[in-house]
Amino acid sequence: MTTTLAGGRAARRQTMRRIRPRRSPAVPLLLAVWAGATAVLWLWWHNTPSIADDNSRILNAGRITGLLAGYLMALVVLQMARVPALERRVGSDRVARWHAMSGRYTLCLIVAHVFLTMWGYALQAGKSLGDIVQQTVDSVEQLPDMGKAAIGTGLFVLIGLTSIGGIRRRMPYDTWYHVHLLTYAAVFLTFWHQITTGNDFAVEPAAKTFWYGLYGTVTALVLWYRILTPIRLNVRHRMRVEAVVEETPGIVSVLIGGRKLHRMGAEAGQFFRWRFLAPGMRFSSHPYSLSAAPRPDMLRITVKAIGDHSARLRELTPGTRVYAEGPYGALTAQRRSRGKVLLVAGGVGITPMRALFETLPGAAGDITLLYRANTTGDLALWDELAAIAEERGARLMYAVNSPEGERPDISAENLQKKIPDIDHHDVFMCGPPGFAQSVYEALRGAGVPARRIHHESFEM
């Protein structure tokens, strides 16, 4: 059984405008980050009159690693704040990669800071490197706010360990997610010793003011966008489950009703983080893309059962309250820069592509959708896609394994054969990482510029 949500024409009218691709603010943001790091380095250099001996070198290395770690901590939290300018303009998956990279650098700098500072303190007290553990214990007991910093450092190590690929893949998503939220506590606990024991802030009141301003701004953004904005959204729109429909074996659509949902600002290609207030699901929040254009009274997600949370969606009953955060994601019509568009979907990555297939403006022949699945039985929403293609004069292709299990050849040569002018297309793509990488390489080989290949991972 399938369920069709009409409304494609209305959605297209909302996006039917002269193509004006929205520029990503990623480059200016990265330049601002590097400018901030340069300012931190200048602060350290300005307050370092000389580095005369080994002990001084070690202590000053501890200072600079500590300052940089403190600066990156604020950025790590900023990247978790779900600020619309980041989530909807840069892209949620790109921000997530920035967050992961910043987290790794931060943890390395924290470990280096603790080791170098305690080593320097030990040498200063006439001890050796072998006494570093005892020196650490003494510092925690004697220096202000060091006990909090020690607990915060332990939390950072725990978060770092659970973020290692092999460990994370073995952990339930909800466990990893809630452990990751301890980042806020870790940053709070380690912040205070920076102010009370940091020499740079003691001698530079302006630096202390800047540090308070940096952390205060980030805290305000977290409170506004992670707590107050979602509360306002859900109080205003009062979302509930309307129906659950099985599309194909293992894939279900959840229809979500509410008040004035078109005022949420959601676009085809975006996703929300969904929390269903049903027994056993209240404390789980997962990202799922919209699989149809938003309607004033209805949203729809289509999900494949690949984990405990997604498998339980089929058990939802009409009337179940829904708490959502979003919309997020930059895989929207705003990325488009050319008249012709190729949409590429792998597996359940069809969900945002189906919404874009319905809503992207274009004349007959301008829009093409390539859908990759293991078998024809796995082609979720196929009837809807065929109806959209017929109505719009769009092109719909699928690539499935042969009866013998041989995978289809999605190569540069085959893409050029099927779509001779592919190098004049914008390409929107969603699917598992391995699939996305192989298709990206094929597209580049077919002459599509990297700037016109738009991809956002749904595995977040």
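Procedures and definitions
Residues numbered from 1 in each chain as written. Predicted model: local features only at pLDDT ≥ 70, side-chain atom pairs only at ≥ 80, totals over all residues. Heavy atoms only, no water. Helix = DSSP H or I, 4+ residues; strand = E, 2+ residues; numbered from the N terminus. Contact = heavy atoms within 4.5 Å. Areas by Shrake-Rupley, 256 points an atom, 1.4 Å probe, with all protein chains shown as cover. Lys, Arg positive; Asp, Glu negative; His and termini not counted. Charge placed at Lys NZ, Arg CZ, Asp CG, Glu CD. Phe/Tyr/Trp six-rings, centres within 6.5 Å; stacked < 30°, edge-to-face > 60°. Buried < 20%, exposed > 50% of the residue type's maximum accessible area, 1.4 Å probe, protein only. Pairing = 2+ DSSP bridges. Axes fitted to C-alpha atoms, helices over the stretch in contact; angles between N-to-C directions. UniProt positions renumbered as here; feature names shortened; annotations may be inferred. Core = buried A, V, L, I, M, F, W, Y, C linked by side-chain atoms within 4.5 Å. Salt bridge = Lys/Arg side-chain N within 4 Å of Asp/Glu carboxyl O.

Section: the overall build of the protein chain
Consideration 1: Helix and strand counts for the protein chain come out as 16 helices and 11 strands.
Consideration 2: Overall, the protein chain is about 80 × 50 × 45 Å in size when its C-alpha atoms are taken along their principal axes.
Consideration 3: For the protein chain, contacts bridging at least 24 residues in sequence account for 74% of all contacts bridging at least 6.
Consideration 4: Carbon together with sulfur atoms contributes 60% to the accessible area of the protein chain, which is approximately 22,100 Å² in total.
Consideration 5: Both charge centroids of the protein chain, one from 53 positive and one from 36 negative side chains, sit 8 Å from each other.

Details of the packing of aromatic side chains
Consideration 1: Evaluated as defined, the whole model comprises 16 aromatic pairs.
Consideration 2: Centroid distance phenylalanine 188 to tryptophan 192: 5.8 Å. Interplanar angle 80 degrees. Geometry classified as edge-to-face. Linking phenylalanine 188 with tryptophan 192, this pair stays in helix α9 (residues 182-197), spanning four residues, or about one helical turn.
Consideration 3: Judged by its relative accessible area of 28%, tryptophan 192 is partly exposed.
Consideration 4: Between phenylalanine 272 and tryptophan 274, the aromatic rings sit 5.1 Å apart at their centres with planes inclined by 45 degrees, giving tilted as the arrangement.

Some details on the sheet that holds strand β6 (residues 322-328)
Consideration 1: Taken in spatial order, the three strands line up as β4-β3-β6 in an open sheet, and their pairing is antiparallel. Every other strand in the sheet has two partners, leaving β4 (286-289) and β6 as the edge strands with one partner each. Strand-to-strand twist across the sheet, computed as the mean angle between neighbouring axes with direction ignored, equals 30 degrees.

A closer look at the UniProt feature "domain: FAD-binding FR-type" (unreviewed entry) in the protein chain
Consideration 1: Under the present numbering, the feature "domain: FAD-binding FR-type" (unreviewed entry) in UniProt falls on residues 234-334.
Consideration 2: Annotated as residues 234-334, this span is 9% helix and 40% strand, and its ends, taken at the C-alpha atoms, are 26 Å apart.

A look at the nonpolar core
Consideration 1: Of all hydrophobic cores here, the largest spans 37 residues; its most connected members are Tyr71, Trp211 and Tyr215.
Consideration 2: Contributing elements (two or more residues each) for this core: α2 (26-46), α3 (54-78), α4 (84-124), α6 (146-162), α9 and α11 (205-237).
Consideration 3: Counting residues in each nonpolar core, the second largest holds 26 residues, with Leu331, Leu360, Ala380 and Ile388 among its members.

A short note on the environment of methionine 298
Consideration 1: Relative to the helices and strands, methionine 298 resides in strand β5 (residues 298-304).
Consideration 2: Look at methionine 298 and you get buried, because its relative accessible area is 11%.

As for the pattern of salt bridges
Between side chains of opposite charge, pairing is possible as soon as their charged atoms come close.
Consideration 1: For the structure shown, the criterion picks out 12 salt bridges.
Consideration 2: Aspartate 200 is paired through a salt bridge with arginine 63; the nearest N and O atoms lie 2.7 Å apart. Of this pair, aspartate 200 sits in helix α10 (residues 199-203) while arginine 63 sits in helix α3, and the two are 137 residues apart along the sequence.
Consideration 3: The class of arginine 63 is buried, set by a relative accessible area of 18%.
Consideration 4: Between glutamate 358 and arginine 354 there is a salt bridge whose closest N-O contact spans 2.4 Å.

What to know about the UniProt feature "transmembrane region" (unreviewed entry) in the protein chain
Consideration 1: Taken from the UniProt record, the annotation "transmembrane region" (unreviewed entry) applies to residues 26-45, 65-85, 105-126, 146-164, 176-195 and 210-228.
Consideration 2: The span residues 26-45 is 100% helical and 0% strand by assignment, and the distance between its end C-alpha atoms comes to 29 Å.
Consideration 3: Spanning residues 146-164, this segment combines 89% helix with 0% strand, and its end C-alpha atoms are found 27 Å apart.

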